[in-house]
Amino acid sequence: MTILEVNGFGKAFTIHHLNKRIPAVGQVQFTLHTGEFIGIIGKSGSGKSTILKSIYRTYLPDRGEILYNSKQFGKIDLARATEREIIFLRKNEIGYVSQFLNVMPRTTCRELVQNALLEMGEIKENAQVEAEKVLTHFEMDAELWDSYPKTFSGGEKLRLNIAIATVKKPRLLLLDEPTASLDQKSKIKVREMIEKLKHQGTTLIGIFHDIEFMEGLCDKVFEMKSNKVSVASDGVLHEG
Ligand SMILES: Nc1ncnc2c1ncn2[C@@H]1O[C@H](COP(=O)(O)OP(=O)(O)OP(=O)(O)O)[C@@H](O)[C@H]1O
Ligand SMILES: [Mg+2]
């Protein structure tokens, strides 16, 4: 079954003080089937993050449609969905891990993970148990559980980010360089979690510098070339 279909997607940014339009992504076209894991690679500035942010609707595309097959809403164009629909989908169906941690201030690490479950309607007792499990899996030092993440190291922040997103077992998970600032051991943990989510039926899109690390897990690799997704390992993806 198709879970995501991106057609003729494009995005440019207006730099107001220069009165210029900078094209970020040209014509992107791809289809993602349920349970697949696709990796996106390409040089810096080629528009990889822009694609993920547009699927998550942090950015609004200029052109094209992003058709997502939602459990709640059926087929929905994420480029045109209402704010309410997007908020619902972010809480319940679509997860996003950015390279940066951007969380509620004065909320502890443990609370952040629990809240991710509570907002999905999980009961408190389960949220507590699941939060501890995922924090343990990502080897977050138990001493950090009740601290505020503001002072966490880059790797700790990233691991917390991943814990918050994966504890929800989203239907579609978007990963923007989830292993970038991690040591080898933490990278393996991330790989294990991706493997587990994949087994549970989560569909994933990930941007990776070190795609070799995902060897055997990625079903397809798409390469961004001159601001277009253009090459697929199996030839499925092409620019318009
Ligand atoms: N909010 C924004 N405002 C203006 N320009 C932006 C914005 N976001 C991205 N861009 C520009 O769009 C282009 C694509 O950026 P994007 O972040 O998608 O690249 P990337 O492939 O993820 O790069 P990297 O590998 O360095 O993370 C870049 O030229 C960038 O400067
Ligand atoms: Mg990026």
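What you see is a predicted model; the values in this text were computed from it and never measured.

A. Here's a closer look at the overall build of the protein. The secondary structure content of the protein amounts to 6 helices and 10 strands. Here the C-alpha atoms of the protein give a radius of gyration of 18 Å, agreeing with the 18 Å that 2.2 N^0.38 yields for 240 residues. Projected onto the principal axes, the alpha-carbon positions of the protein cover approximately 50 × 45 × 40 Å. A total accessible area of about 11,900 Å² is found for the protein, and carbon and sulfur atoms account for 50% of it. In the protein, 33 positive and 31 negative side-chain charges are present, and the distance between their average locations comes to 5 Å.

B. Highlighting the site of ligand 1. Lining the immediate environment of ligand 1, one finds 13 residues, of which Ser44, Gly45, Lys48, Ser49 and Thr50 sit closest. With respect to ligand 1, the backbone of Gly47 contributes an N or O atom lying 3.0 Å from an oxygen atom. The contact in question runs from a nitrogen atom of ligand 1 to an N or O atom on the side chain of Tyr59, over 3.0 Å. Coverage of ligand 1 by the protein chains reaches 66% of its 640 Å² of free accessible surface. The set of elements that each furnish at least two residues to the shell around ligand 1 consists of β1 (2–15) and α1 (48–55). No other element matches α1, which puts 3 residues into the shell around ligand 1.

C. Expanded view of α1. Counted residue by residue, α1 has 6 buried out of 8 residues, so it is predominantly covered. Looking at α1, one finds that the buried residues are Lys48, Thr50, Ile51, Leu52, Ser54 and Ile55. In the stretch just after α1, Arg57 is the one whose phi turns positive, near 65°.

D. Main features of unusual backbone geometry. Phi is positive for Lys169, which is not a glycine, with a value near 45°. When you line up the elements, Lys169 lands in the loop between α5 (154–166) and β7 (172–176). Accessibility expressed as a relative area gives 44% for Lys169, which makes it partly exposed. Look at Glu177: it is not a glycine, yet its phi comes out positive at around 50°. Residue placement: Glu177 occurs in the loop between β7 and α6 (184–199).

Definitions and limits used
Residues numbered from 1 in each chain as written. Chains lettered and ligands numbered in written order. Predicted model: local features only at pLDDT ≥ 70, side-chain atom pairs only at ≥ 80, totals over all residues. Heavy atoms only, no water. Helix = DSSP H or I, 4+ residues; strand = E, 2+ residues; numbered from the N terminus. Rg over C-alpha atoms; globule rule 2.2 N^0.38 Å. Areas by Shrake-Rupley, 256 points an atom, 1.4 Å probe, with all protein chains shown as cover. Lys, Arg positive; Asp, Glu negative; His and termini not counted. Charge placed at Lys NZ, Arg CZ, Asp CG, Glu CD. Near = heavy atom within 4 Å. Polar contact = N/O pair within 3.5 Å; in protein donor to acceptor, adjacent residues only side chain to side chain. Buried < 20%, exposed > 50% of the residue type's maximum accessible area, 1.4 Å probe, protein only.

Remember that the coordinates give geometry; whether it matters functionally is a separate question.
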